[in-house]
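A structural walkthrough
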Amino acid sequence: MTAASVPPGTVSFTAMAEGTAADYELVFAHEQAHLDSQADRVLAWLRQMDGPSPYRVSRLEHVLQSATRAERDGADDETIACALLHDIGDVIGTANHSQVGAALLRPYVSERNWWIVHHHGLFQGYYWFEHYGMDPDARDAFRLHLHYEATVRFCAEWDQNSFDPAYPTQPLGHFEPLVRALFARPPQDVFAPELR
Ligand SMILES: [Fe+2]
Ligand SMILES: [Fe+2]
């Protein structure tokens, strides 16, 4: 494609190796707009978790209940938001929902909260792996890890018990400001060695 045929507002290249600084300014301006609407997409994904479920609550009610319990236990806003979003990976990556949700959160949260969300699926296995011939104590491979106890507590106090239709659970609107505040944070540099 020649420069003359490039539509306004689009890059000059058809292969990234040929891109100029001006091209990438255009790309990252677009990316910033997409970043700015991240919270809207996350809230829409949460709403997708409403509806039929094999549990006695919807998937949305489950995470709302987790966040409500976290809030009532005096957790900080970031931790409450992570309780709300711990199963968000279900929407686009059911087979590895813990890791998908953790990856979404990684640029915006502490290493501790990321670790808890990333590993919560394995740690939740404590409650059900025995029914499938798996080791309920598989999580103990991490027994010496800094965040082992916090992840055990997350599962025990906010996750495994949050399937109760009788629990007085806060609505999504109650937590929306926390979600917006979380994704309004400047994202951490995902190319930094500690986040790669
Ligand atoms: Fe989960
Ligand atoms: Fe959960």
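These notes cover the structure that comes with them. (Residues numbered from 1 in each chain as written. Chains lettered and ligands numbered in written order. Predicted model: local features only at pLDDT ≥ 70, side-chain atom pairs only at ≥ 80, totals over all residues.)

Comments concerning the environment of His86
Relative to the helices and strands, His86 is located in the loop between helix H4 (77-85) and helix H5 (97-105). A sequence separation of 73 residues divides His86 from Asp159, and the C-alpha atoms of the two residues are 8.9 Å apart. Setting aside anything within four residues of it in sequence, one finds His86 in contact with Val63, Ser66, Gly101, Val117, His120 and Asp159. (Helix = DSSP H or I, 4+ residues; strand = E, 2+ residues; numbered from the N terminus. Contact = placed C-beta atoms within 7 Å.)

Concerning the nonpolar core
Grouped together as the largest cluster of nonpolar side chains are 33 residues, with contacts concentrated most on Ala67, Ala81, Cys82, Leu84, Leu105 and Val179. Of all the secondary structure elements, the ones that give two or more residues to this core are helix H2 (38-48), helix H3 (59-72), H4, H5, helix H6 (111-124), helix H7 (148-159) and helix H8 (172-184). Among the elements that make up this core, the one with the highest residue count is H4 (6 residues). (Core = buried A, V, L, I, M, F, W, Y, C linked by C-beta atoms within 7 Å. Buried ≥ 20, exposed ≤ 12 C-beta atoms within 10 Å, placed from the backbone.)

Some remarks on the packing of H3 against H7
Their axes nearest at 9 Å, the elements H3 and H7 cross at an angle of 105 degrees. By the criterion of interaxial angle, the relationship of H3 to H7 is roughly perpendicular. Residues Ser66, Arg69 and Ala70 of H3 form the contact with H7, whose participating residues are Glu157, Trp158 and Asp159. When grouped by side-chain class, the residues that make up the contact of H3 with H7 number 2 nonpolar, 1 polar and 3 charged. (Axes fitted to C-alpha atoms, helices over the stretch in contact; angles between N-to-C directions. Parallel < 35°, antiparallel > 145°, perpendicular 65-115°, else oblique. Nonpolar A, V, L, I, M, F, W, Y, C, P; charged D, E, K, R; others polar.)

Examining the environment of Pro165
Position of Pro165 among the secondary structure elements: in the loop between H7 and H8. Note on Pro165: 11 C-beta atoms within 10 Å, which makes it exposed. Here the alpha-carbon distance between Pro165 and Arg56, two residues 109 residues apart in the chain, equals 6.3 Å. With residues near it in sequence (within four places) discarded, Pro165 still touches Arg56 and Val57.

A look at H7
With 12 residues, H7 extends 15 Å between its outermost C-alpha atoms, agreeing within 8% with the 16 Å of an ideal straight helix rising 1.5 Å per residue. Where H7 is buried, its residues meet H3, H4 and H6. (Expected span 1.5 Å × (residues − 1).)

Note that all results are geometric; they support no functional claim without further evidence.
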